[in-house]
Amino acid sequence: MENNSIKVTLKAEIPHRDQQIDILVDILETSTLPPFLYVYGHTSTGKSLVVQQVIQSIENIQYAAIQCIECLSPRFLYESILEQLGCEDRCDSANDFTRHLKQIYVGRPICIVLDKAERLRDLNDGMLIPTLTKIPEYTGLNICIMFISEIPFEKFRCGTGSLDPIHIFFPQYSKEEILDLLMKECPQPENASLYQTYLSMILGVFLVACRDYCELRYIASRHWDSFMEPINSGEIDRTQSVKLWRHLEPKLRSSLNQVYVRGPDTCGTQIGLKMELPFFSKFLIIAAYLASYNPARYDRRLFVKAKEGRKNKDKGLKSLKKQKLHNAARLMGPKVFPIDRLMAIFYSIVEERVTPSLNIFVQISTLVSLKLLTHTGSAAMFQGVPKYRCNAGYDLVRSLARTVNFELGRYLYDTTV
């Protein structure tokens, strides 16, 4: 596909990003790729979408797209890139990575896209970033390293020199652009003019506090039925915009305090189902919750492998009592537990065989940084026994358990003992 036709097609598919599409197509269509590109801008500004569509539209380019939030070690990152490029060999270091790249290179330009690249700052003591940016120099191949991030590149400086990239900035959408994008999500095309009036009300309340397109789209979809309720019942005519505004305003003002947080009806389930966590991290949170709310003396009874021999109790007679017990335990708050107990529960509840490795402990550190676990202090560290407390609530843990087909209630002390 020719350069101009790619631009025309992409601009029709992705509105209000014409300048960024032009720059990316012109850069990636050249015979020699630049070694380092840095794409940045606020969340929900179309960065990942534009990059993905541009790269997929260029036939001659070979690429790998990695979500850095999933990469817990340099080895995992290297092997994920190589796997997308057609190499499944083990890769333990940057030297192995460059060697494998040379082996699989077939003359086509290679673009390595690293989304949420700010997560790489915590890997390998900050040395991974300069290593990655110099991969084209180390290999001597036609390779482009592309970072996608929400922060300026100045915050990536890590003491040692790295290449200065070509910067491509994605500004926030203007009010008119957001309105145009949201109009494309109109649930009832026959009510397009009414929906535009409704969106103007939404933006009038929320735009000052939030310019995130995805969040505004969620808010618009959530309140549409409430807006249409008096119209469908005949209480208010669709032309009476002032009365419609008075009907909707209290609900919008109430939701203004829950921007980005969601309401109580969706918080636990939505966060649990959509949280971007690796598979074993979900089991670590579940194990931490069980360690925080189950007495240690019951671990043997709850987590022994011979679960088949456990007698079933009469759930019909005691379900209400057990629920009250569990509610009481939750009200008392999570208890502190040592890391060895956490790992014992973790290895017990994971169905597949897990080899103890550094990656598991790295995931625990990640959960601490996400505030899902809390380290209880430095005193325990000097004794060689780190201790933690689980911050995740019951609704969140239950939702995570459902995503991995784990029966949480079966392992809770208050509902089984």
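**Some details on the packing of aromatic side chains**
For the structure on display, the rule yields 19 aromatic pairs. Summarising the aromatic geometry, the rings of Phe279 and Phe280 are spaced 5.4 Å apart at their centres and angled 65° between planes, so their arrangement reads as edge-to-face. Judged by centre distance (4.9 Å) and plane angle (15°), the rings of Phe406 and Tyr411 are stacked. When its relative accessible area of 10% is taken as the criterion, Phe406 is described as buried. Judged by its relative accessible area of 6%, Tyr411 falls in the buried class. By the ring-pair criterion, three or more aromatic residues cluster together here, those being Phe279, Phe280, Phe283, Phe346, Tyr347, Phe406 and Tyr411.

**Looking at the nonpolar core**
One finds Ile286, Leu290, Phe346, Ile349, Phe406 and Leu408 to be the most contacted residues of the largest nonpolar core, which totals 41 residues. Counting residues per element, the ones that place at least two in this core are α13 (279-293), α14 (299-303), α16 (339-349), α17 (358-369), β8 (387-390) and α19 (394-403). Broken down by element, the residue count for this core peaks at ten residues, all from α13. Not counting the four nearest positions on each side in its chain, Phe346 is found in contact with Phe280, Phe283, Leu284, Ala287, Val354 and Ile360. Counting residues in hydrophobic clusters, the runner-up holds 33 residues, among them Ile66, Cys71, Ile104 and Ile151.

Conventions used here
- Each residue is numbered by its place in its chain's sequence as written, counting from 1.
- Per-residue local features are limited, in this predicted model, to residues with pLDDT of at least 70; the limit for side-chain atom pairs, both in listing and counting, is 80 or more; totals at the level of whole chains, interfaces and linings are taken over all residues.
- Hydrogen atoms and water are omitted, and side-chain values are computed over all heavy atoms in the structure.
- Centres within 6.5 Å make a pair out of two Phe, Tyr or Trp rings, where for Trp the six-membered ring is used; the pair is then stacked when the planes are under 30 degrees apart, edge-to-face when over 60, and tilted otherwise.
- Categorising residues by exposure relies on relative accessible area from a 1.4 Å probe, with only protein chains included: less than 20% of the type maximum marks a residue as buried, more than 50% marks it as exposed, and the intermediate range marks it as partly exposed.
- Throughout this description, the term nonpolar core refers to a set of buried Ala, Val, Leu, Ile, Met, Phe, Trp, Tyr and Cys residues connected via side-chain atoms within 4.5 Å.
- Only DSSP runs of H or I covering at least 4 residues are called helices, and only runs of E covering at least 2 are called strands; the numbering of each starts at the N terminus.
- For this analysis, residues touch if any pair of their heavy atoms sits within 4.5 Å.

So yeah, pure geometry; function would need other evidence.
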